[in-house]
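# Structure at a glance
Listed here are the chains, written in short residue letters.
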Amino acid sequence: MKRIASFCFFSLITFFLSLPLHANPRPGKTVNFDKGWRFHLGDVAEGQQPNFDDSKWRILDLPHDWSIEGEFAEKNPATPSGGALPGGIGWYRKSFHLPASARDKSVFIEFDGVYRNSEVWINGHYLGQRPYGYSAFEYELSPYLEHESANVIAVRVDNSQQPNSRWYSGSGVYRNVWMTTVGQVFVKHWGTYVTTPRVTADAAEVALTTTIQNRLSTEQQVTLNTIIYNSLGKQVASNTGDLSIDSNGDGTLNQKLTVKYPVLWTLENPSRYKAVSEIVVRGHVIDRYETQFGIRTFFFDREKGFFLNGKPVKIRGVCNHHDLGALGAAINTRALERQLEILKAMGVNGIRTSHNPPAPELLELADRMGFIVMDEAFDVWKKRKARFDYHLDWDEWHQRDLEDMVLRDRNHPSVFIWSIGNEIKEQSEPEGADIARELAAIVRHLDPTRPIISAMDRPDSKNNILSSGALDLIGYNYHQQEFPDFLAKYPGQKFIATETTSALETRGSYEMPSDVIKRWPVRGDESKEMNTDYSCPAYDNTSTPWGSTHEETWKIVKKYDFLSGLFIWTGFDYLGEPTPYHWPARSSYFGIVDLAGFPKDSYYMYQSEWTNKPVLHILPHWNWAKGQMVDVWAYTNAEEVELFLNGKSLGVKRKVGDDLHLMWRTTFEPGTLRAVARTDGRVVLTQEVRTAGRAAKIILIPDRKIIKAGGNDLSFVTVKIVDENGTLVPYADNLVQFQLIGEGSIAGVDNGSQTSHEPFEASRRNAFNGMGLAILRSKEKRGRLILTATGQ
């Protein structure tokens, strides 16, 4: 491998800026508790004791995923399906002092998620256990706190029994932690519930139920003032009610308010309101609780599909797992936001949280950015899919976990559908109907305003969940060939495609001929027709046997109004489940976008169908053997495309019938391939693909040159290996070394390859098909960062 003679650098500015990254219901009283924990990988005796010596433990900030720091190995108990990364047992401890103002207050700690089997202690007192790695939970600390000396909180996380997931789960306190300090009378945890039962252009009725907790030994008379503010901070409605609350009890107050001329929450303008709940006792405000919500109406029609605010909307969704590529499972708001920005630019308007409750930040971003969310609870019920999965915890925990998901998420305007399960084994078991009815009753008791669904891969008359009567929507996983017959098969029912496609692609890899459909893996012989380099062609011509190509399913869904929408498997590649290959592959091939966040070619098919902006994208690259026959595809929403090779026209192509791409088959010769898209005879867009020479330079392209100080913000830097003329070298796999100077760190590196075993936490990475990624993280201080890349 020859050294790339040049190097490339760019500078990045970090600055202080206070922007809300979390919908905090109690600003000032609920504070982030992520900083300054100590961590030890491995079990220890008496790690919960306050006087335990943790001085040699590693100091880190949460969220944290220890698995992503490990080495890929086929022998890891998670198996390649679980990402081939290590699990184990880990301990976290934090010492903290309480301010004097916390005396005689109620103090709580909330974990947004710990994977998995967490146990928590405060000053040696056991607070509890939570097996499910995706549930948020809260403990009260008040009875055990020290006010004159340090307090120690300890968390034991046990992810040693594996496999317990069908995809990469991560390990540790991988979501945020919060500490709340309130008085003795306060709005209960997740204690507000907002609905909008009647909405017109002139007025919206807002119904708000508030649960207040009284920790005092005497009955309390309280006044609840509720004020609604619009997105500009202007008060638009208010209501006052009185409530008597028993000693050491809860009280609930229902209020109705009217917002005149409401601004509706839409996908294009996701405007929100804020309800502020003030508890007043003897003229003093003793608690203040904020609830963000949106005003919108929606329904599913059996013949015309989904309607939002009275207008038909085709749900154009994707399924996503929760990992963030090189960052693993450790939640980061900017990384999530980047994913959603990439999907939004493709035309996506829906997200399915497959197959578990999401991080709250995902729903907050979906609220702000305008996405329809299917909020999903479980991948298994009582019947297992993996040896140590949630079926072991089902009997004791399923009701609590489902209730907590609904209570936490029911005020989000982005949440439109509750899913109680994915491809549940009990579809074919008699008990499936009873469990489905139980789960649906739990959800409806807490929120009767949204439809309930279960994503089913066996949508037939023998499906006990489907026939239970518990569901409001029928969700098909795959079976796209049966979509057109749905109305006849299920009279009176409403449809959405909960999971579709499972197309297989490797970014930047191409095989000819492109007009032959392949189904991999071939059942009974998983090695048949596989590629020795473990790649799948980036032409949209390959899928799993149970799935389809992107074009095959979209042609059906776009054709029928009653098909309310689809959720494609998947938006992004994810760690684990490396189909169609097994080891040495360690991440999926399903994504429309690869693990590093680089779009594959099918991204532009959807963009041409799902957006109104002009689109022209041609593939493949233009480095082939002289005289080789090459298939050239174009995705466009223009009327026609003319293709030129070295200035000679190869003809004009127009879409015919339900065509979603155009194709030319031509003989390769080095030079320039140029596409010209026209509508009404006018040139709309042009694109060129050139034959690349030898690797000569590195280009660094940050997604943002200015990020926030504070230790959480990120800049994603795309790395391109180009020739001396700036053309991407499509086969380049050069090793790129990074050096960062300034107040920041390299949070991770990647290249989008499904088979790379290089560590994500590193300062070097081989390019893959000419590209790579470096993720830069700010530190607490502001300043300038300079990233330098050198290659070989």
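Overview of the structure. In this text the structure is predicted, and so the values were computed from the model without any measurement.

## Thoughts on the nonpolar core
Most often, soluble globular proteins keep nonpolar side chains buried together rather than apart. Within the largest apolar cluster, 144 residues are counted, with the highest numbers of intra-cluster contacts made by Phe306, Phe378, Trp381, Leu402, Leu439 and Trp622. Per-element accounting of this core gives the leading share, seven residues, to helix H4 (residues 431-446). Residue contacts for Leu439: discarding those within four places in its chain leaves Phe378, Trp381, Trp394, His398, Leu402 and Ile420. Core analysis: the second largest hydrophobic core is formed by 27 residues, Trp66, Phe111, Leu127 and Val173 among them.

## Describing the sheet that holds strand E18 (residues 284-293)
Two pairing modes exist for strands in a sheet, parallel and antiparallel, and in both the strands are linked by backbone hydrogen bonds. One open sheet accounts for four strands, arranged E15-E14-E17-E18; its pairing is antiparallel. Strands with a single pairing partner mark the edges of an open sheet, and in this sheet they are strand E15 (235-245) and E18. In this sheet, neighbouring strand axes are inclined to one another by 20° on average, regardless of whether the strands run parallel or antiparallel. Note that strand E14 (residues 220-229) and E15 share 10 bridges and pair antiparallel. Residue pairing in the sheet places Gln221 in a bridge with Ser244 of E15.

## Topic: unusual backbone geometry
For the bond running from Tyr115 to Arg116, omega is -15°, close enough to zero to count as cis. With respect to the secondary-structure elements, Arg116 resides in the loop between strand E6 (106-111) and strand E7 (118-122). Each neighbour pair has its own omega, and for Leu619 with Pro620 the value is 10°, a cis peptide bond. Mapped onto the elements, Pro620 comes out in the loop between strand E32 (616-619) and strand E33 (629-636).

## A few points about the packing of helix H1 (residues 333-346) against helix H7 (residues 602-610)
Two quantities define a packed helix pair, namely the angle between the axes and the distance from one axis to the other. Relative orientation of the contacting elements H1 and H7 amounts to 55°, with a least axis distance of 7 Å. Comparing their axes, H7 and H1 come out oblique. Where H1 approaches H7, its residues Ile342, Ala345 and Met346 are matched on the opposing element by Tyr603, Tyr606, Gln607 and Trp610. The class makeup of the residues in the contact of H1 with H7 is six nonpolar, one polar and no charged.

Cut-offs and rules
Residues numbered from 1 in each chain as written. Predicted model: local features only at pLDDT ≥ 70, side-chain atom pairs only at ≥ 80, totals over all residues. Heavy atoms only, no water. Core = buried A, V, L, I, M, F, W, Y, C linked by side-chain atoms within 4.5 Å. Buried < 20%, exposed > 50% of the residue type's maximum accessible area, 1.4 Å probe, protein only. Helix = DSSP H or I, 4+ residues; strand = E, 2+ residues; numbered from the N terminus. Contact = heavy atoms within 4.5 Å. Pairing = 2+ DSSP bridges. Axes fitted to C-alpha atoms, helices over the stretch in contact; angles between N-to-C directions. Parallel < 35°, antiparallel > 145°, perpendicular 65-115°, else oblique. Nonpolar A, V, L, I, M, F, W, Y, C, P; charged D, E, K, R; others polar.

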